[in-house]
Amino acid sequence: QVQLVESGGGLVQAGGSLRLSCAASGNIFGINSMAWFRQAPGKQRELVAVKTNGGSTNYADSVKGRFTISRDNARNTVDLQMNSLKPEDTAVYYCNAHKEQYGLTYWGKGTLVTVSS
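Keep in mind that what you see is a predicted model, and the values were worked out from it rather than measured.

J.: Please provide a residue-by-residue account of the sheet that holds strand β1 (residues 2-7), values included.
T.: What links the strands of a sheet is backbone hydrogen bonding, and the strands pair in either a parallel or an antiparallel sense. Here we have four strands laid out as an open sheet, ordered β1-β3-β8-β7, and antiparallel in their pairing. Each edge of the sheet is formed by a strand with only one pairing partner; in this case those strands are β1 and β7 (67-72). Sheet twist, expressed as the mean angle between neighbouring strand axes with direction ignored, is 15 degrees. Across six bridges, β1 lies against strand β3 (residues 18-26) in antiparallel orientation. Residue pairing across strands places Ser7 opposite Ser21, the latter belonging to β3.

J.: Help me get a handle on the state of the cysteines, residues and values and all.
T.: What the rule picks out here adds up to one disulfide. The partner cysteine of Cys22 in its disulfide is Cys95, sulfur to sulfur 2.1 Å. On the sign convention where negative is left-handed, the bridge of Cys22 and Cys95, at about -85 degrees about the S-S bond, is left-handed. Of this pair, Cys22 sits in strand β3 while Cys95 sits in strand β9 (residues 91-99), placing them 73 residues apart in sequence. The exposure classification of Cys22 matches that of Cys95, with both residues buried.

What counts as what
- Residues numbered from 1 in each chain as written.
- Predicted model: local features only at pLDDT ≥ 70, side-chain atom pairs only at ≥ 80, totals over all residues.
- Heavy atoms only, no water.
- Pairing = 2+ DSSP bridges.
- Helix = DSSP H or I, 4+ residues; strand = E, 2+ residues; numbered from the N terminus.
- Axes fitted to C-alpha atoms, helices over the stretch in contact; angles between N-to-C directions.
- Disulfide = S-S within 2.5 Å.
- Buried < 20%, exposed > 50% of the residue type's maximum accessible area, 1.4 Å probe, protein only.

Written out as structure tokens, the structure reads:
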């Protein structure tokens, strides 16, 4: 099992910044990628950003140029720097880890980000 614990959510005004962090522990062997997803009220969970072990990144179009995902493999953490936040970024943000070889996916419990207008 892999445990993922997020931190850093909160309330921020539009145009502000927040940094989310996620720490992975447990059986972290075999993790190929780590990502951030989000789920707004009444909407489906969506991918925000993903970073593979090889360093490849992918972002949702809605956050490109504003959000940056980073990983520290030595500390088993993944961060999401969010700048120029908009009210539509309001959501619960979830950390995700994937073991492609084993077909396993793990989720954190989520952290709430609220952006006021």
